[in-house]
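This is what each chain is made of:
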Amino acid sequence: MALAVFGLLAALLLVGALVVVLHPDSVYSALALVGVMALLAALFVTLDAHLIAAFQVIVYAGAIMVLFLFVIMLIGRPGSGGPFARGKLLWAASGLGAAALAVGLGTMVARSALPTPDAGRAEFGTTTTLARALFTTCLLPFELTSVLLLIAVVGAVVLAKGRPRA
Amino acid sequence: MVPTGYYVILAAALFAIGALGVLIRRNVIVIFMAIELMLNAVNLAFVAFARQLGSTDGQVFVLFVMTVAAAEAAVGLAIIIAVIRNRESVFADQNALLRW
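Owing to the predicted nature of the structure, the values given are computational and were not obtained by experimental measurement.

1. Some details on the overall build of chain A
Stage number 1. In terms of regular secondary structure, chain A is built from six helices and zero strands.
Stage number 2. Along its sequence from the N terminus, chain A presents helices and strands in the succession α-α-α-α-α-α.

This is the structure:
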């Protein structure tokens with residue numbers, strides 16, 4: 001049962017990712033990416049990462065993808081020349097490179113004989129355990145991310161506002 | 001229970017698709033989306049290994065990756081808007097001023 005659910009989610013995920021990469025219209029790419037994010041959240045649930053799944057939906061499928069769609073709408077239709085890079089050599093090299101990456105990583109994982117994990121503890125991946133790790137051992141990096149987000153907000157406003165009158 | 005290896009192989013396939021997107025697309029926004037795809041593939045591997053090891057550390061790391069990805073998306077899209085305002089093209093090969 002679990003394997004069937006995983007297979008279905010994985011197949012949909014790969015199809016969605018291919019649509020993101022191969023669809024000529026960037027709006028469809030973005031919508032497919034929303035689907036990919038939602039499917040990843042479902043996969044996180046199957047991995048007992050419930051809080052991460054909620055964040056995946058809120059942060060990625062919510063905030064980041066809205067930002068992407070907003071920019072796509074702001075920019076409008078791209079110019080002429082087609083959505084894909086030209087040149088058979090580039091396509092062949094890109095396809096070969098990506099296939100080699102997938103096969104290489106896949107065989108590396110397949111050879112490393114990961115044992116099936118035993119049934120997880122009930123509290124694994126809950127908000128309580130995650131928050132305890134976040135606010136004790138990882139407190140300093142957690143606080144530093146707030147600085148990072150502040151810098152990102154200021155930087156985004158400065159960059160998108162246009163060049164200052166010099 | 002699904003073995004961890006399946007999840008990691010899925011993450012590897014997702015990462016390869018994202019890398020392919022970076023290589024073959026011309027629209028910088030779609031290239032950026034392919035980068036997000038690769039980040040998500042890594043997150044999937046992190047969560048899979050967190051369950052494998054029975055440790056919360058991998059999930060904490062995913063939270064930080066998500067935060068950095070959100071910051072990166074905001075700044076990256078602002079840069080894209082600024083570039084398009086100046087050069088009036090969303091295509092990477094027409095914004096090749098910094099290329100040797």
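2. Some remarks on the overall build of chain B
Stage number 1. When helices and strands are tallied, chain B shows three helices and zero strands.
Stage number 2. In chain B, the order of α-helices and β-strands from amino to carboxyl end is α-α-α.
Stage number 3. Against the globule reference of 13 Å for 100 residues, chain B gives a C-alpha radius of gyration of 17 Å, more extended than a compact globule.
Stage number 4. In terms of its C-alpha atoms, chain B occupies a principal-axis envelope of roughly 50 × 25 × 20 Å.

3. Structural notes on the interface of chain B and chain A
Stage number 1. Each partner contributes residues to the interface: chain B has 65 residues there, and chain A has 73 residues.
Stage number 2. Counting residues per element, the ones that place at least two in the side of chain B that touches chain A are helix H1 (4-24), helix H2 (28-53) and helix H3 (57-87) of chain B.
Stage number 3. The element that contributes the greatest number of residues to the side of chain B that touches chain A is H3 of chain B, accounting for 23 residues.
Stage number 4. In the side of chain B that touches chain A, the residues fall into 48 nonpolar, 11 polar and six charged.

4. Side note on the environment of Leu63 of chain B
Stage number 1. Summarising the element assignment, Leu63 of chain B is placed in helix H3.
Stage number 2. Taking the C-alpha atoms as reference points, Leu63 of chain B and Asn43 of chain B, separated by 20 residues in sequence, lie 9.0 Å from one another.

5. Description of the packing of helix H6 (residues 139-161) of chain A against H3 of chain B
Stage number 1. Two elements in contact, H6 of chain A and H3 of chain B, have axes separated by 8 Å at closest approach and are oriented at 10°. The pairing of H6 of chain A with H3 of chain B is recorded here as roughly parallel in orientation. Packed against H6 of chain A, whose contacting residues are Pro141, Thr145, Leu148, Leu149, Ala152, Val153, Gly155, Ala156, Leu159 and Ala160 of chain A, the element H3 of chain B presents Phe64, Thr67, Val68, Ala71, Ala74, Val75, Ala78, Ile79, Ile81 and Ala82 of chain B at the interface.
Stage number 2. Broken down by class, the residue content of the contact of H6 of chain A with H3 of chain B amounts to 17 nonpolar, three polar and no charged.

6. With respect to H3 of chain B
Stage number 1. The end-to-end C-alpha distance of H3 of chain B, which contains 31 residues, comes to 44 Å, matching closely the 45 Å that a straight helix rising 1.5 Å per residue would cover.
Stage number 2. Directly after H3 of chain B, the chain includes Glu88 of chain B, whose backbone phi takes a positive value near 55°.

7. Quick word on the packing of helix H5 (residues 127-135) of chain A against H3 of chain B
Stage number 1. Between H5 of chain A and H3 of chain B, whose axes approach to 10 Å, the crossing angle comes to 70°. Overall, the two elements H5 of chain A and H3 of chain B adopt an arrangement that is roughly perpendicular. Between H5 of chain A and H3 of chain B, the contacting residues are Leu130, Ala133 and Leu134 of chain A on the first element and Asp57, Gln59, Val60 and Leu63 of chain B on the second.
Stage number 2. Split into classes, the residues belonging to the contact of H5 of chain A with H3 of chain B amount to five nonpolar, one polar and one charged.

8. A word on unusual backbone geometry
Stage number 1. Phi is positive for Asp48 of chain A, which is not a glycine, with a value near 65°.
Stage number 2. Tracing the sequence through the fold places Asp48 of chain A in the loop between helix H2 (26-46) and helix H3 (50-75).

Analysis parameters
- Residues numbered from 1 in each chain as written.
- Chains lettered and ligands numbered in written order.
- Predicted model: local features only at pLDDT ≥ 70, side-chain atom pairs only at ≥ 80, totals over all residues.
- Helix = DSSP H or I, 4+ residues; strand = E, 2+ residues; numbered from the N terminus.
- Rg over C-alpha atoms; globule rule 2.2 N^0.38 Å.
- Contact = placed C-beta atoms within 7 Å.
- Nonpolar A, V, L, I, M, F, W, Y, C, P; charged D, E, K, R; others polar.
- Axes fitted to C-alpha atoms, helices over the stretch in contact; angles between N-to-C directions.
- Parallel < 35°, antiparallel > 145°, perpendicular 65-115°, else oblique.
- Expected span 1.5 Å × (residues − 1).

Functional significance is not addressed by these values, which are geometric in nature.
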